[in-house]
Structure formats: structure tokens, C-alpha cells
Amino acid sequence: MRPYHQIPIIECGEPLVEIPLELFAVESPHPYEKLGAPYGEHSPYFLRKSLISNLKEAQNHLQRIHPNWHIQIFDAYRPVAVQQFMVDYSFAQALQERGLIEAQLSSSKRQEIWEAVYEIWAVPSKEEKTPPPHSTGAAVDVTLVDDNRQVVDMGSPIDEMSERSLPDYFANNSELEAQQYHAHRQLLHDVMLKAGFQRNPREWWHFSLGDQMCCWLNNQLIPGSSLTARYGRVV
Ligand SMILES: C[C@@H](N)C(=O)N[C@H](C)C(=O)O
Ligand SMILES: [Zn+2]
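Values in this document were obtained by computation on a predicted structure and should not be read as measured data.

Some remarks on helix H4 (residues 176-194)
Working step 1: Taking 1.5 Å as the rise per residue, H4 with 19 residues should run 27 Å; its terminal C-alpha atoms sit 27 Å apart, in good agreement.
Working step 2: Those residues of H4 lying buried are Ala-178, Tyr-181, His-182, Arg-185, Leu-187, Leu-188, His-189, Val-191 and Met-192.
Working step 3: Those residues of H4 that are buried lie in contact with helix H1 (49-65), strand E4 (70-75), strand E5 (139-145), strand E6 (198-199) and strand E7 (206-208).
Working step 4: Following H4 by one or two positions, Gly-196 has its phi on the positive side, about 105°.

Right, here's the structure in full:
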């Protein structure tokens, strides 16, 4: 359980709808589809209906500062089966990167690697009260692209299992490049926040609105506030 799982969910029943991809930039091919992740009837480029307006609003804020920049969609709706697939895939990747073989792992090493995986991935829970954020259709992983549709450098790739994924990782680094990475992350954060999203405190790219994590973060910011989530898992 994460602290945000304490937030009650009162499902509002809003439909999942396709993101109008022609308005945004898109990571293509989709990073998890290309790995063979088991998507069902919806593609990853779906979100709850009202979040589409919020995403457009975020891009409008961005384009007031950089008229030809776009928000790039990396991932949005993610069925629990895909969450499970990606958690297993990331565990296997982590073993490979460390030159380890699963059958030879000590239990403490195994636990250490699972902890690293769950630093950035939500548990693929099928419980109604603890849905993975993306399975609600109210979370989106995004970055920015510039005038030339080049991905803006945020200092680390999306989904990296390292401290560099922390939003403020470069905040206190005085090197010029680090300051630029931080400024880009801040810009993404600012435009998304202005449009109503909240950012995952552990990941510079993950934003949500109306799910448990977003409400929990808003409740932390506003004393006395007890928002409840309006989006639960989409079945
Ligand atoms: C790992 C990243 N793509 C992500 O979405 N993380 C959050 C916490 C999640 O799994 O919901
Ligand atoms: Zn995410």
C-alpha cells in the first residue's frame, strides 16, 4: 500500500476516450506495445474524457511560452495486465543490467531488485481500492518536444530505474547542462500543474488528475482538504 491508497474512490463513470493524437506529439511505436504488452480493447492512447481538455490546456500554456513546442505522449491508459507485464519486464531488465540470473538470487538480492522495480512502478493490484494509477485512465506519462519535434532533454529517459528520475534530481547541480534539465522539468511541471494535474513526487514525467495520487497530493498541499478520487480502475 502507498499512502495515496488511503484516498476513497467514488467512481464517476466518465468514459475512456481516444487522445486526439494529431494535436500532440506521440512516442511511436508505443514503448510497451512494441515489447508485446497485452493491450485489450483500448490502445494505450486513451484517457478519461475530461483529461483530454486538461491536456490541451497544458499544451496551450506551453505554447504561450514556446509557440511551436508540443507535449509528447509517452503512455496513458494501461490495463492491469500491462502493468503486470511491465513490472515483470522491468525486473528481468534489472537482472540483465546487473548480470544476475534469477535462479541464483539470494532472497535479499531478490528483494533489493523488487524494491528498485517498485520505486517507479505501481503494484499491478486488481483490488478495487488500490488500482495502479494508469489503469484508472487518469494518469499520463509525458515529455516535451521542441520546434523541430526533437525530444527536449530532461536529463534522463522516462522509466529509468534510478535517482535521476526524481523530479528535483538536478535542482542543486550548478553545471549548465543540469540547470537546463531542471528548467525543462520545471516547465513541464508548471504547464501541467496550471492545467490541474499533479506530478508523481518520484517521476518527472508522470502526471495525473482525479485519481487517488492526485487527490492525495492535493490534500497534502491544502490543509483541511479531503478530496476523494473520482476515477477507479477501468475494467
Ligand atoms: C514507471 C512509470 N511508467 C509509471 O507509470 N509509474 C507509475 C508509478 C505507475 O506504474 O503507475
Ligand atoms: Zn506514469
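Observations regarding the UniProt feature "site: Transition state stabilizer" (unreviewed entry) in the chain
Working step 1: Those places that UniProt annotates as "site: Transition state stabilizer" (unreviewed entry) correspond, in this numbering, to Arg-78.
Working step 2: Its place among the elements puts Arg-78 in the loop between E4 and helix H2 (80-97).
Working step 3: Non-local contacts of Arg-78, meaning those with residues more than four positions away in its chain, are made with Tyr-32, Gln-83, Trp-121, His-134, Ser-135 and Asp-141.

What about the coordination of the zinc ion (ligand 2)?
Working step 1: Ligation of the zinc ion (ligand 2) by protein atoms is provided by His-134 (NE2), Asp-141 (OD), Asp-141 (OD) and His-206 (ND1), these donors lying 2.0 to 2.8 Å from the ion.
Working step 2: One chain supplies every donor for the zinc ion (ligand 2), spaced along it as H-x6-D-x64-H. Taken together, the residues span a long stretch of sequence, with Asp-141 in strand E5 and His-206 in strand E7 at a distance of 65 residues. One exposure class covers both Asp-141 and His-206, and it is buried.

Quick word on the packing of aromatic side chains
Working step 1: For the coordinates displayed, the defined rule picks out 7 aromatic pairs.
Working step 2: Summarising the aromatic geometry, the rings of Tyr-32 and Phe-74 are spaced 5.9 Å apart at their centres and angled 80° between planes, so their arrangement reads as edge-to-face. Residue Tyr-32 is found in the loop between strand E2 (25-26) and strand E3 (46-48), and its partner Phe-74 is found in strand E4; the two are separated by 42 residues along the sequence.
Working step 3: With relative accessibility at 2%, the residue Tyr-32 sits in the buried group.
Working step 4: Pairing Trp-204 with Trp-205 gives two aromatic rings, centres 5.4 Å apart and planes at 90°, and the pair type is edge-to-face. Both residues of the pair, Trp-204 and Trp-205, belong to the buried class.
Working step 5: Three or more aromatic residues joined by ring pairs make a cluster, and in this case those are Tyr-32, Phe-74 and Trp-121.

Topic: the packing of H1 against H4
Working step 1: One can describe the packing of H1 onto H4 by two numbers: an axis separation of 8 Å at closest approach and a directional angle of 130°. With respect to H4, the axis of H1 lies oblique. As H1 packs across H4, the resulting crossing turns out to be right-handed. Only Leu-187, Val-191, Met-192 and Lys-194 of H4 make contact with H1, whose side of the interface consists of Leu-55, Glu-57, Ala-58, His-61, Leu-62 and Ile-65.
Working step 2: By residue class, the composition of the contact of H1 with H4 is 7 nonpolar, 1 polar and 2 charged.

Here's the deal with the sheet that holds E7
Working step 1: On the basis of which strands lie adjacent, the open sheet formed by 5 strands has the order E2-E4-E5-E7-E6 and mixed pairing. The sheet terminates laterally at E2 and E6, the two strands that pair on one side only.
Working step 2: In terms of strand pairing, E2 meets E4 through 2 bridges, oriented parallel. Considered in E4, the bridge of Val-26 is made with Ile-73.

Reading the values: rules and limits
As a convention, each chain's residues are numbered from 1 in the sequence order in which they are written. To label them, take the chains in the order written and letter them from A, then take the ligands in the order written and number them from 1. Note on the predicted model: pLDDT of at least 70 is required for a residue's local features to be given, and 80 or more for side-chain atom pairs to be given and counted; whole-chain, interface and lining totals, by contrast, use all residues. Heavy atoms throughout the structure, all of them, feed into the side-chain values; hydrogens and water do not. Working definition: helices are DSSP H or I runs of at least four residues, strands are E runs of at least two. Numbering for both runs from the N terminus. Multiply 1.5 Å by the residue count of a helix minus one, and that product is the helix's expected span. Classification of residues uses two cut-offs on accessible area relative to the type maximum, computed with a 1.4 Å probe and protein chains only: under 20% is buried, over 50% is exposed, and between them is partly exposed. Only heavy atoms matter for contacts: two residues are in contact if any of them lie within 4.5 Å across the pair. UniProt positions are given in the numbering used here, feature names are shortened, and annotations may be inferred rather than shown by experiment. Coordination shells were defined by N, O and S atoms within 2.8 Å of each metal, extended to 3.2 Å for Na, K and Ca; water is absent from the atom set, which can make sites look incomplete. Here the aromatic set is Phe, Tyr and Trp, taking the six-membered ring for Trp, and pairing holds for ring centres within 6.5 Å; pairs whose planes are under 30 degrees apart are stacked, those over 60 apart are edge-to-face, and all others are tilted. Axes here mean lines fitted to C-alpha atoms, for a helix over just the part in contact, with angles spanning 0 to 180 degrees between N-to-C directions. If an angle is under 35 degrees, it is roughly parallel; if it is over 145, roughly antiparallel; if it lies from 65 to 115, roughly perpendicular; otherwise it is oblique. Crossing handedness: left-handed means the near helix sits turned counterclockwise from the far one by under a right angle, and right-handed means the same turn made clockwise. Here the term charged refers only to Asp, Glu, Lys and Arg, the term nonpolar to Ala, Val, Leu, Ile, Met, Phe, Trp, Tyr, Cys and Pro, and the term polar to all other amino acids, Gly among them. Here the rule is simple: two strands pair whenever DSSP picks up at least two bridges between them.

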